[in-house]
Amino acid sequence: MAAKRFRFEPLLDVARQREEQQMREVAALLVVQQAAQDRLDGLAALHEEMTAVLCGQDTSGPLDLPRYGEAVAYLDHLRVLIEEQRVTLAEAEAQVEQARAVLVGILQEKRSLEILEERDIADAAQVESRREDSRVDDLNTQRFGRRAPGIGQGGV
């Protein structure tokens, strides 16, 4: 007997395709998030380095005010860049979380369809088992029917 096709197979196929697509999207967004995190880390490290250089300068001699002013302005600029990068990172994290939530919904939908498929397979197996039991019962009945006339003739 040919295997009966699951009636929701097309929906399950679509759910599997959507899952794969969403997983690719989540992976791409994770790459963007990691790049934003790396840029933030780099800016923060540069800020710390510049602050350490500025604080570590020998102040016993004459102070070069133009260079000091440039350094302070650069640190202020780095702070602005760091804040902008934090916003960018927060947006990337929000996009990742949103994409993950969509993926969870797709996974739940796909699992529901897989459960239906498992039940369908189990029901089909049960129907086939009943058919096989019925065939065995019919064969046993036929065998008993053939032996029954011989049983009554020879014994008494």
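Residues numbered from 1 in each chain as written. Predicted model: local features only at pLDDT ≥ 70, side-chain atom pairs only at ≥ 80, totals over all residues. Heavy atoms only, no water.

(A) How the structure looks around the overall build of the protein chain. Along the backbone of the protein chain there are two helices and zero strands. Within the protein chain, contacts between residues separated by at least 24 positions form 90% of all contacts whose residues are at least 6 apart in sequence. Summing over all exposed atoms, the protein chain offers an accessible surface of approximately 11700 Å²; the carbon and sulfur share of this is 56%. (Helix = DSSP H or I, 4+ residues; strand = E, 2+ residues; numbered from the N terminus. Contact = heavy atoms within 4.5 Å. Areas by Shrake-Rupley, 256 points an atom, 1.4 Å probe, with all protein chains shown as cover.)

(B) Seen up close, the side chain of Glu 19. Relative to the helices and strands, Glu 19 is located in helix H1 (residues 9–55). Judged by relative accessible area, Glu 19 falls into the buried class, the value being 13%. With residues near it in sequence (within four places) discarded, Glu 19 still touches Leu 103, Ile 106, Leu 107 and Lys 110. (Buried < 20%, exposed > 50% of the residue type's maximum accessible area, 1.4 Å probe, protein only.)

(C) Up close: the nonpolar core. Listed in full, the 10 residues of the largest apolar core are Ala 36, Leu 40, Leu 43, Leu 54, Ala 71, Leu 75, Leu 78, Leu 81, Ile 82 and Leu 89. Secondary structure elements with two or more residues in this core: H1 and helix H2 (65–154). Here the element with the most residues in this core is H2; it accounts for six residues. Excluding its chain neighbours within four sequence positions, the residues that come into contact with Ile 82 are Leu 40, Leu 43, Ala 44 and His 47. With five residues, the next largest nonpolar core counts Val 26, Leu 29, Ala 99 and Leu 103 among its residues. (Core = buried A, V, L, I, M, F, W, Y, C linked by side-chain atoms within 4.5 Å.)

(D) Structural context of the side chain of Gln 22. As for its placement among the helices and strands, Gln 22 is situated in helix H1. Every residue in contact with Gln 22, bar those within four places of it in the chain, is listed here: Ala 99, Val 102, Leu 103 and Ile 106.

(E) Representation of the environment of Asp 120. Looking at the element boundaries, Asp 120 is found in helix H2. Expressed as a C-alpha distance, the spacing of Asp 120 and Phe 6, which sit 114 residues apart in the sequence, is 7.0 Å.

(F) Quick peek at the pattern of salt bridges. Scanning the entire structure with this criterion turns up 14 salt bridges. Taking the shortest distance from any N to any O, the salt bridge between Arg 16 and Glu 9 comes out at 4.0 Å. Close ionic contact of Arg 135 with Glu 132 constitutes a salt bridge, the shortest N to O distance being 3.0 Å. Highlighted residues: Arg 135 and Glu 132, both in helix H2, separated by three residues, approximately one helical turn. Since its relative accessible area comes to 41%, Arg 135 is described here as partly exposed. (Salt bridge = Lys/Arg side-chain N within 4 Å of Asp/Glu carboxyl O.)

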